[in-house]
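Architecture at a glance
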Amino acid sequence: MGLVSRGTAAAGLGPARAAVRPRPPDAVPNLISTPPPEGAAPGSSRIPSMVLKAFFPTCCASADSGLLVGRWVPEQSSAVVLAVVHFPFIPIQVKELLAQVQQASRVGVAVLGTWCHRRQEPEESLGHFLEGLGAIFSHEPWLQLCRERGSKFWSCKATRRQVPTCPATSGEDQVMLVFYDQRKVLLSQLHPPAALPDRQAGDATASAVGLAAVFDTVARSEALFRSDRFDEGPVRLSHWQSEGVEASILVELAKWAAGPICLLLTCLLSLVSAASACRMFKLWPLSFVWSKLSTCEQLRHRLEQLTLVFSTQKAKNPTQLMRKANMLVSVLLDVALGLVLLSWLHRKDRIGQLADALIPVADHVAEELQHLLQWLMGAPAGLKMNRALDQVLGRFFLYHIHLWIGYIHLMSPFIECILWHVGLSACLGLTVALSILSDIIALLTFHIYCFYVYGARLYCLKIYGLSSLWRLFRGKKWNVLRQRVDSCSYDLDQLFIGTLLFTILVFLLPTTALYYLVFTLLRLLVVTVQGLIHLLVDLVNSLPLYSLGLRLCRPYRLAAGVKFRVLEHEAGSPLLLLMQINPLSYSRVVHTYRLPSCGCHPKHSWGSLCRKLFFGELIYPWRQRGDKQD
């Protein structure tokens, strides 16, 4: 098979015939064939042909005449044009190129038809030439797209060589031409539609499948886009990279250096992981402390993220690649903010100023707690308290405050050194510094936590004691084995002892409840401060910054769907549509690409929190192993 060029048109391959334009549609053609109108005779009406959708890249609208290369999707009756092969070419070389692309991309790429851009060629000779190409490259249906010289008029035709089964059926199909930006479709990632009502679910699923076929075809055909007009190959193509492959020296250098750097960092991270998994750190005191400190949980979380980011394994899908990019940007931003904090702390000796102000603040807090306890030991708000129990509890808590003040003054010479090392740890990231700050707050308020535990345990003991004695009065008891309340008969001595204990607990409950209420409020204040710090840490850890940056700068990269704009819809011309990408909303970007947080602190609902506060159950600043999160 010899060389095919524009000069072969003079030889007259096939009979001369002018381009046939399709019938002008009265409206936008439906995707399903329309039946004949009711009441018409069976032989008097002509069955309309099927409407085919031809997706044509906008970058090829000004290309020279040639062959249309793409993929035919029979389920959607769609033809996705990927490139235009220019003259001159050898047909066997075109077929070899398509076979190589099919082997590399696993996409059924074929010659779909011909493309005619009438600039300088005579119309009759060009028609002779294009008619003969259908015999060399056979495809059903065979598309013939033509753009008139010096105008925006397009002619589209889809012919079938097979004899139609029904005599009334036309051998030509109507074509709906859809223009799309090939570069944007290639770089974008189509997301499935959100949840819709049942009546719209079927239509949404069908349209999503059709769009996914178009996006998948363009995305997997990168092997076809590697050649440009500067290549000296046997086949010249027109596509979105025809003017030259986009490249950058910095990007190429980064690609070359990424492999060795990732391998080196992977080895270092594996050594750190092996050191952290040492048996010495799994002993009981150390394992308990490491599991409760926010700093250790944050460092473990960052170590897992860095291990995944610098892994030498290639991302399997775009979602995993986006996750790695989000993690890398999150780590870089975290370290940058930590360095800014480090420079601010070491400027003008702010660490020394914080160390000098910490001791007076701790003394002031201890003094205020002493005044609060002295107020509780009197007649708080005019309430009549049990004086004996009030004095015992007040002196017990005052002694703890005295021990705490001595501990703070004992640690005062080392506070500046501790704060200096804490500030130096900000180079690991802002989240590490905030986690250390949360642990320091927990240590500085440890006496408040002890007060809260004492009051909560005493209050909880009395509440459960009163509930058990109340069941005794009603002739009930709690069955531990069956986990339910059963009937039970009590004798007179049991009822007498139960009445005495119930009376004592009822009269001591107000004093205990008041101490529990005060120290619970102080504990909730500390937990609120720590919660705000954890919220900021989770925000830096889980916010998909790379995805949000793509949504802001290149919204077409995150596609939620497409919309079609009518370019031309006139009698005598095909329907021309422009496919535009609808980007994801910012809320859906955050919901889709949000990174997992470290999850070291509990998450209670308001109902669970109120129930625990009412029954005196402890609110831990960390997540318990057996807790069921609401």
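The residue numbers shown here count from 1 along each chain, following its written sequence. A pLDDT threshold of at least 70 governs which residues receive local features in this predicted model, and a stricter bar of 80 or more applies before side-chain atom pairs are shown or counted, although totals over entire chains, interfaces and linings include all residues. Side-chain measures were taken over the full set of non-hydrogen atoms in the model, leaving aside hydrogen atoms and water.

Now for the overall build of the protein. Within the protein, the regular secondary structure consists of 17 helices and 13 strands. Burial here depends on accessible area, computed with a 1.4 Å probe over protein chains only, as a share of the maximum for the residue type. Under 20% is buried, over 50% is exposed, and the range in between is partly exposed. Within the protein, the proportion of its 630 residues that are buried is 39%. Here the analysis covers contacts within the protein between residues at least 6 apart in sequence; of these, 73% occur between residues at least 24 apart. Each accessible area is a Shrake-Rupley estimate made with a 1.4 Å probe; only the visible protein chains count as cover when residues are assessed. Of the roughly 35,900 Å² of accessible surface on the protein, 64% is carried by carbon and sulfur atoms. Secondary structure elements are taken from DSSP: a helix is a run of H or I of four residues or more, a strand is a run of E of two residues or more, and numbering for both begins at the N terminus. Contacts are assigned to residue pairs with any non-hydrogen atoms lying within 4.5 Å of each other.

A few words on the packing of helix 9 (residues 350-376) against helix 11 (residues 415-424). Here the axes come from fitting lines to C-alpha atoms, over the contacting stretch only for helices, and the angles between their N-to-C directions go from 0 to 180 degrees. Close contact between helix 9 and helix 11 brings their axes to 9 Å; oriented N to C, the two are set at 135 degrees. The angle between helix 9 and helix 11 falls in the class oblique. The hand of the helix 9/helix 11 crossing is right-handed. When helix 9 is examined against helix 11, the residues Ile351, Gly352, Leu354, Ala355, Leu358 and Ile359 are found in contact with a partner set consisting of Ile415, Glu416, Leu419 and Trp420. The residue classification treats Ala, Val, Leu, Ile, Met, Phe, Trp, Tyr, Cys and Pro as nonpolar and Asp, Glu, Lys and Arg as charged. All others, Gly included, are polar. Grouping the amino acids of the contact of helix 9 with helix 11 by side-chain chemistry returns eight nonpolar, one polar and one charged. Should an angle lie under 35 degrees it is considered roughly parallel, over 145 roughly antiparallel, and from 65 to 115 roughly perpendicular; all remaining angles are considered oblique. By definition, turning the near helix anticlockwise from the far helix through less than a right angle yields a left-handed crossing, and turning it clockwise yields a right-handed one.

To continue, consider the side chain of Arg302. Of note, Arg302 is situated in helix 7 (residues 294-309). Polar contacts, as used here, are pairs of N or O atoms within 3.5 Å; protein pairs need one atom able to donate a hydrogen and one able to accept it. Residues neighboring in sequence count only if both atoms are side-chain atoms. Within the local environment of Arg302, its side chain forms a polar contact with the side chain of Asn541, the two groups lying 3.0 Å apart. The residues contacting Arg302, other than those within four sequence positions of it, are Ser330, Val331, Asp334, Thr431, Val540 and Asn541.

What counts as a salt bridge is simple: a side-chain nitrogen of Lys or Arg found within 4 Å of a carboxyl oxygen of Asp or Glu. Scanning the model with the defined rule gives five salt bridges in all. The shortest N-O distance in the salt bridge between Glu297 and Arg300 comes to 3.0 Å. Of this pair, Glu297 and Arg300 both sit in helix 7, separated by three residues, roughly a single helical turn. We classify Glu297 as buried; its relative accessible area is 16%. Given a relative accessible area of 38%, Arg300 falls into the partly exposed group. In this structure, the salt-bridge partner of Glu617 is Arg611, at a minimum N-O distance of 3.4 Å. Judged by relative accessible area, which is 23%, Glu617 ranks as partly exposed. For Arg611, a relative accessible area of 40% corresponds to the partly exposed category.

Classification of ring pairs rests on two measures: the distance between centres of Phe, Tyr or Trp rings, Trp counted by its six-membered ring, which must be within 6.5 Å, and the angle between planes, read as stacked under 30 degrees, edge-to-face over 60 and tilted in between. Within the structure shown, the criterion is met by 15 aromatic pairs. Each ring, one from Phe56 and one from Trp115, has its centre 5.1 Å from the other, and the planes form 35 degrees; the classification is tilted. Taken together, the residues Phe56 in strand 1 (residues 51-57) and Trp115 in strand 4 (residues 109-117) connect sequence positions 59 residues apart. Under the relative-accessibility criterion, Phe56 is labelled buried at 0%. Linked through ring pairs, Phe396, Phe397, Phe451, Tyr454, Tyr515 and Phe519 together constitute an aromatic cluster.

Taken as a whole, the protein shows an average pLDDT of 77; of its residues, 77% reach a score of 70 or greater. When mean pLDDT is compared element by element in the protein, helix 15 (residues 545-553) scores highest at 92, while helix 2 (residues 123-136) scores lowest at 61. As a per-residue measure, pLDDT tells how confident the predictor is, with possible values from 0 to 100. Here residues 4-48 is a poorly scored stretch, pLDDT under 50, and it has 67 contacts once near neighbours within four places are set aside; other chains count. Below a pLDDT of 50 lies the segment residues 195-202, which in the model reaches one contact outside its immediate sequence neighbourhood of four places, other chains included.

For the rest of this paragraph, the subject is unusual backbone geometry. The phi torsion at Ser77 lies on the positive side, around 55 degrees, for a residue other than glycine. Checked against the element boundaries, Ser77 lands in the loop between strand 2 (66-73) and strand 3 (78-86).

Right, let's get into a nonpolar patch on the surface. Only residues whose relative accessible area exceeds 30% and that form no salt bridge are eligible for patches; like-charged ones are grouped when within 9 Å, while nonpolar side chains (Val, Leu, Ile, Met, Phe, Trp, Tyr) are grouped when within 5 Å. The grouping of Phe496, Ile497, Leu500, Leu501 and Ile504 at the surface amounts to a nonpolar patch, some 480 Å² of accessible area in total. If you trace the backbone, Leu501 turns up in helix 14 (residues 492-542).

Tracing the backbone shows Ser155 in strand 6 (residues 154-159). Sequence-wise, Ser155 and Leu575 are 420 residues apart; in three dimensions their C-alpha atoms are separated by 9.9 Å.

Strand pairing requires that DSSP identify at least two bridges connecting the strands. In this structure, strand 10 (residues 476-479) lies alongside strand 11 (residues 484-487), joined through four bridges in antiparallel fashion. Bridge assignment links Lys477 to a residue of strand 11, and that residue is Asp486. Hairpin connection of strand 10 to strand 11: four residues between the antiparallel strands, including Gln483 at a positive phi of 55 degrees.

The next point concerns helix 13 (residues 446-473). For a helix, the expected span equals 1.5 Å multiplied by the residue count minus one. Under the 1.5 Å per step criterion, the end-to-end length of helix 13 is 41 Å for 28 residues, consistent within 8% with the ideal 40 Å. After helix 13 finishes, the residue Gly475 shows a positive phi value of roughly 75 degrees.

With nine of nine residues buried, strand 3 lies mostly within the body of the structure. Pairing analysis gives three bridges linking strand 1 to strand 3, with the strands arranged parallel. If you follow Phe55 over to strand 3, its bridge partner there is Val80. Two elements, strand 2 and strand 3, share eight bridges in a ladder whose sense is antiparallel. Bridge pairing in strand 3 places Gly70 opposite Val81. Linking two consecutive strands that pair antiparallel, namely strand 2 and strand 3, is a turn of four residues; a positive phi of about 55 degrees is found at Ser77 within it. The sheet contact formed by strand 3 and strand 9 (residues 237-238) spans two bridges and is antiparallel. Bridging across to strand 9, Val84 finds its partner in Ser238.

Let us now look at the UniProt feature "transmembrane region" (unreviewed entry) in the protein. UniProt positions are given in the numbering used here, feature names are shortened, and annotations may be inferred rather than shown by experiment. The positions that UniProt labels "transmembrane region" (unreviewed entry) are, in the present scheme, residues 256-278, 325-345, 392-410, 422-445, 451-473, 494-518 and 524-548. Summarising residues 392-410: 100% helix, 0% strand, and an end-to-end C-alpha distance of 27 Å. As annotated, residues 494-518 comprises 100% helix and 0% strand, and the C-alpha atoms at either end are separated by 35 Å.

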